Amino acid sequence: DEEKPKKKKKKKVTMKEVTILKCDLSSVHSVKSFCREFQKLALPLHGILCLAGVVVQPFALTKPDGVETHFAINHLSHYAMVSFLSDELTRTAAVAGNDGKVVLVSSNAHHWSYRVRRGTTKPSRGIDFENLNSSYGYSAINSYGQSKLCPILHAWRISETVNGVRAFAVNPGQFGEELSKQFGEYFGGSIVHSLVAPFTKVSVEVASATVLLCLTNSGLPPGVYYSECKPTRSSLPSRDPRLATQLCDESDEMIREILAKKHVEFSGENESGGGGGGGSDSPKVPRSPGGMVMMTSPAKMSIGGDSPRGMK
């Protein structure tokens, strides 16, 4: 009798310990506190996955930081965390002999960023820095697209300037019901969602495959935009090194100004009762549905909510 080929046994991966730390993505102070708490754990840091975000929201400024919602949650908080924890990434990479990883979740919506803001005549090259926190000529779609352009520029900049760290921008595609809910929160959002959904919807398996490929594969070229598990050509502004440099300079300055303000103590929520805006001049900012997974070691993982460059 012929022997039947033996089936390969699937290797079981067990998670011995998961450490959960709270972080409010709408607040740079909260991001800094999160990073300090993580540093106290004295764990190695192999990678950071920045996947939290808000989608197509009405104009609002975060409190107490006063930054436009999309830019604050989809970019600035992630930028802050990667900067604050860059030393941990590089030290771990030096000891482990493998580059650290930063994966920033972007979107094909980065093609919809501002070109010429309504009511203005000056082109913005993709990011309207002059009116970043202004309601003048505001477009929810363009502001969301602008915030998704930032991760691509940020990934390139990290790969160019931080030794021992590979960064990638990833388009996972649209999946689940979360995006449709967020689109539905503003007037006309459901119509926009129904138009774009057929072109962007993917399975959870496909979406996670692209993210995990960049997070775990050591042979991929860094600073590249990935979609459907392969490098993909992104928009012209996303490939502008001058814009990437300007974004990082502006982000650094914004973080310095925010941290220079009176320190606010956080215990999960700020003094106004949450991470959003409030009051008559600024609608409440929605909390991000996602978070951040920080790869520490095979046995430990830290899960937080945001993302800069050497915390002092």
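Residues numbered from 1 in each chain as written. Predicted model: local features only at pLDDT ≥ 70, side-chain atom pairs only at ≥ 80, totals over all residues. Heavy atoms only, no water.

Counting secondary structure elements, the protein contains 8 helices and 8 strands. Burial analysis of the protein (312 residues in total) assigns 50% to the buried set. Put simply, the protein shows about 15900 Å² of open surface, and 55% of that area lies on carbon and sulfur atoms. (Helix = DSSP H or I, 4+ residues; strand = E, 2+ residues; numbered from the N terminus. Buried < 20%, exposed > 50% of the residue type's maximum accessible area, 1.4 Å probe, protein only. Areas by Shrake-Rupley, 256 points an atom, 1.4 Å probe, with all protein chains shown as cover.)

Mean pLDDT over the protein works out to 78, with 67% of the residues at or above the 70 mark. Confidence drops under a pLDDT of 50 for residues 264-291, and excluding neighbours within four residues, the segment shows 67 contacts in the predicted structure. Across residues 295-312, confidence stays below pLDDT 50; counting only partners more than four residues off in sequence or on other chains, it has 98 contacts. (pLDDT = per-residue confidence, 0-100. Contact = heavy atoms within 4.5 Å.)

Let us look at the side chain of Asp65. Following the sequence through the fold, Asp65 ends up in the loop between strand S2 (47-50) and helix H2 (69-84). Despite its burial, Asp65 remains without a salt bridge, the nearest opposite charge being carried by Lys261 at 5.9 Å. Here Val28 takes part through its backbone nitrogen, which lies 2.7 Å from a polar atom of the side chain of Asp65. With near-sequence residues (within four places) excluded, Asp65 lies in contact with Ser26, Ser27, Val28, His29, Ile258 and Lys261. (Lys, Arg positive; Asp, Glu negative; His and termini not counted. Salt bridge = Lys/Arg side-chain N within 4 Å of Asp/Glu carboxyl O. Polar contact = N/O pair within 3.5 Å; in protein donor to acceptor, adjacent residues only side chain to side chain.)

This brings us to the pattern of salt bridges. Tallied over the entire structure, the rule returns 6 salt bridges. Note that Glu37 is salt-bridged to Lys40, the shortest N-O span being 3.2 Å. Taken as a pair, Glu37 and Lys40 lie in helix H1 (residues 28-40) at a separation of 3 residues, close to a single helical turn. By relative accessible area, Glu37 is classed as partly exposed at 39%.

Next up on the list: the nonpolar core. Generally speaking, soluble globular proteins have nonpolar side chains that are buried together. Counting residues in hydrophobic clusters, the biggest one holds 45 residues, and the most contacted among them are Phe71, Leu76, Val102, Ile127 and Ile158. Where this core is concerned, the elements lending two or more residues are H1, S2, H2, strand S3 (100-105), helix H4 (140-161), strand S4 (165-171) and helix H8 (241-260). Looking at this core element by element, the count peaks at 8 residues for H2. Other than its neighbours up to four places away in sequence, Ile158 contacts Val82, Val102, Leu104, Val165 and Ala167. If you look at the next biggest cluster of nonpolar residues, it comprises 10 residues, including Leu49, Val211, Cys214 and Leu215. (Core = buried A, V, L, I, M, F, W, Y, C linked by side-chain atoms within 4.5 Å.)

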